[in-house]
Amino acid sequence: MNAVDSFLDGLNHPCRREIDALRSVIRGSEPGLQESVKWEAPSFALVDHFATLLLKGDGVRLVLHRGTKKVAKPMVPIDVSPLSAKWQAPDRCVVSFSSLADIEAKAPDLVRVLKEWIAQLEEIQGDSVGV
């Protein structure tokens, strides 16, 4: 059992099946991806964190972000419309999932968006996020 599983076991979240399914999709999207607990939730990183689950409230949400380092170069908008996601800022997107079936249906589009997000971060950060 890893630290994220232990954390989630202690949380006893009502959407645990959905959380685990989403974690699996994210972990499978990119080789070398690291998962840890950050900001009181599962968070994903290559060099810096770029995606974090938001577990408060109903359902499960995924926040795409740029980590903790300030980066001046703007992100190029990514088409997240198949995910029914919302851009909170030019470099912060929230994807909501309503059920296990919703996660499964959105998985291919989520993987595409994650790959595009990571590719931009690699370019912006001079390939320091690379695989």
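Cut-offs used in this document
Residues numbered from 1 in each chain as written. Predicted model: local features only at pLDDT ≥ 70, side-chain atom pairs only at ≥ 80, totals over all residues. Heavy atoms only, no water. Helix = DSSP H or I, 4+ residues; strand = E, 2+ residues; numbered from the N terminus. Contact = heavy atoms within 4.5 Å. Polar contact = N/O pair within 3.5 Å; in protein donor to acceptor, adjacent residues only side chain to side chain. Buried < 20%, exposed > 50% of the residue type's maximum accessible area, 1.4 Å probe, protein only. Pairing = 2+ DSSP bridges. Expected span 1.5 Å × (residues − 1). Axes fitted to C-alpha atoms, helices over the stretch in contact; angles between N-to-C directions. Bend = angle between axes of the 7 residues up to and from the residue.

A. Broad picture of the environment of histidine 13. Here histidine 13 is to be found in the loop between helix H1 (3-11) and helix H2 (16-27). For the pair histidine 13 and alanine 107, spaced 94 residues apart in the sequence, the C-alpha separation amounts to 21 Å. In this structure histidine 13 touches Ile19, Leu55, Gly57 and Gly59, once residues within four positions along its chain are discounted. Within polar-contact distance, the side chain of histidine 13 engages the backbone nitrogen of cysteine 15 at 2.9 Å.

B. Looking closely at the pairing of strand S4 (residues 60-64). Burial runs high along S4: four of the five residues are buried. In this sheet, S4 lies alongside strand S3 (residues 49-54) in antiparallel orientation, the contact comprising four bridges. Looking at the pairing, alanine 51 lines up with leucine 64 of S4. From the end of S3 to the start of S4, which pair antiparallel, there are five residues, and glycine 57 there has a positive phi angle of about 80°. Across five bridges, S4 lies against strand S6 (residues 92-97) in antiparallel orientation. Looking across to S6, one finds that arginine 61 is bridged to serine 96.

C. Just H2, in detail. The end-to-end C-alpha distance of H2 is 16 Å, a good match for the 16 Å that 12 residues give at a rise of 1.5 Å each. Considered for burial, the residues of H2 that qualify are Arg16, Glu18, Ile19, Leu22, Arg23, Val25 and Ile26.

D. Main features of the sheet that holds S3. What the six strands build is an open sheet, ordered S1-S2-S3-S4-S6-S5; its pairing is antiparallel. With partners counted over all chains shown, the strands left at the sheet margins are strand S1 (34-38) and strand S5 (86-89), one partner each. In this sheet, adjacent strand axes meet at a mean angle of 25° when their direction is disregarded. Sheet topology places S1 next to strand S2 (residues 41-45); five bridges connect them, and they run antiparallel.

E. The arrangement of the environment of arginine 66 in detail. Checked against the element boundaries, arginine 66 lands in the loop between S4 and S5. Distance in space between the C-alpha atoms of arginine 66 and arginine 92 is 7.4 Å, their sequence separation being 26 residues.

F. View of helix H3 (residues 100-124). In a regular helix each residue adds 1.5 Å, so 25 residues correspond to 36 Å; H3 covers 33 Å between its end C-alpha atoms and thus fits that length. At alanine 107, H3 shows its strongest bend, of approximately 55°, with the proline proline 108 following within four residues.

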